[in-house]
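Chain by chain, the residues run as shown.
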Amino acid sequence: MHNWFVLVLALGGAIAAPGADAQTAYSVSASVGDFHVAVSNYYQVPERDVIVVRERRIPDEELPVVFFIAQRAHVPPARIVDMRLRGSSWWDISVRYGLNADVYYVPVAVRTGPPYGRAYGHYKKPRKEWRTLVLTDADIVNLVELRFMSEHYHVPPERIIEMRERNVDFVSINRDVSGRRVARDRDDDDDQGENRDHGRGKKH
């Protein structure tokens, strides 16, 4: 009984450990959703790392920003989280690691309104001139999510923009486009199966 009590205390201490220790221990009650799995897969980090960042009170929609900046700055995600929790804006953190606005640029073929209007519509500048821009937290979150969603699910960025302009949150967008990807992959598998069957039929 005593040994079990000690084990519980030790586990509780590991879960509650702040700072760097939080990178190696996470809450056993943390739930992993489809969005978190997608973030893990796209940024090629363990799911537990995504949950560790989330457990440190980084909102879901900002999780991709942590891993985006960390990868391009070549630093651990924990360092980015520490700076954010100390009050730094995403732009301040970007500048700290020499990242200009152009790293957030995603080419699009449509004129955009809110929330992308500030970055695309208001500035009306090509990528080479984005180095002069200063982005807000909302700009950075929207642009990082745009790249993540469109590249991970192989959907046109304009599709993501259209949903955001209708004020659809990113977790809901992830649910929508991931469902479309599953359906598309299923259709592709069916088409390949029909082609194989048709090919076998020709041989007879």
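Refer to the structure presented above.
All values derive from a computational prediction rather than experimental measurement. (Residues numbered from 1 in each chain as written. Predicted model: local features only at pLDDT ≥ 70, side-chain atom pairs only at ≥ 80, totals over all residues. Heavy atoms only, no water.)

*Asks:* How would you explain the overall build of the chain if you had to name every residue and give the values?
*Replies:* When you go through the chain residue by residue, the secondary structure sums to ten helices and zero strands. Going residue by residue from the N terminus, the α and β elements of the chain occur as α-α-α-α-α-α-α-α-α-α. Burial statistics for the chain: of 204 residues in total, 42% are counted as buried. Once local pairs closer than 6 in sequence are excluded, the contacts in the chain between residues at least 24 apart make up 58%. Accessible surface computed for the chain: about 11,700 Å², of which carbon and sulfur atoms make up 52%. (Helix = DSSP H or I, 4+ residues; strand = E, 2+ residues; numbered from the N terminus. Buried < 20%, exposed > 50% of the residue type's maximum accessible area, 1.4 Å probe, protein only. Contact = heavy atoms within 4.5 Å. Areas by Shrake-Rupley, 256 points an atom, 1.4 Å probe, with all protein chains shown as cover.)

*Asks:* Explain the packing of helix H3 (residues 47-55) against helix H4 (residues 63-73) to me, and be specific about the residues and the numbers.
*Replies:* Taken N-terminus to C-terminus, the directions of H3 and H4 make an angle of 115°; their axes are 10 Å apart at the nearest point. The two elements H3 and H4 cross, and the hand of that crossing is right-handed. Counted together, Asp-49, Val-50, Val-53 and Arg-54 of H3 and Leu-63, Val-66 and Phe-67 of H4 form the full contact between these two elements. Per-class residue counts for the contact of H3 with H4 are five nonpolar, no polar and two charged. (Axes fitted to C-alpha atoms, helices over the stretch in contact; angles between N-to-C directions. Left-handed = near helix turned anticlockwise from the far one by under 90°. Nonpolar A, V, L, I, M, F, W, Y, C, P; charged D, E, K, R; others polar.)

*Asks:* Can you tell me about the pattern of salt bridges, naming the residues and giving the values?
*Replies:* All chains considered together, the criterion is met by nine salt bridges. Linking Arg-56 and Asp-82 is a salt bridge whose minimum nitrogen-to-oxygen distance equals 2.6 Å. Remark: Asp-82 occurs in helix H5 (residues 77-85) and Arg-56 occurs in the loop between H3 and H4; sequence separation between them is 26 residues. The structure contains a network of salt bridges with shared partners spanning Arg-159, Glu-162, Arg-166 and Asp-176. (Salt bridge = Lys/Arg side-chain N within 4 Å of Asp/Glu carboxyl O.)

*Asks:* Any details on the packing of aromatic side chains? Residues and values, ideally.
*Replies:* Per the counting criterion, the structure on display carries six aromatic pairs. Seen in terms of ring centroids, Tyr-42 and Tyr-43 are 4.7 Å apart; in terms of plane orientation they differ by 90°. Their pairing is edge-to-face. Residue classification places Tyr-42 among the partly exposed positions, given a relative accessible area of 22%. Ring centres 5.4 Å apart and planes at 55° place the aromatic pair Tyr-42 and Phe-148 in the tilted group. A residue pair is termed long-range when its members are at least 10 positions apart, and Tyr-42 in helix H2 (residues 34-43) and Phe-148 in helix H8 (residues 137-153) qualify at 106 residues. A cation sits over an aromatic face here: Arg-72 above Phe-68, 3.7 Å from the ring centre. Seen from the ring of Tyr-97, Arg-96 lies directly overhead, with NZ or CZ sitting 4.9 Å from the centre. (Phe/Tyr/Trp six-rings, centres within 6.5 Å; stacked < 30°, edge-to-face > 60°. Lys NZ or Arg CZ within 6 Å of the ring centre and 35° of its normal.)

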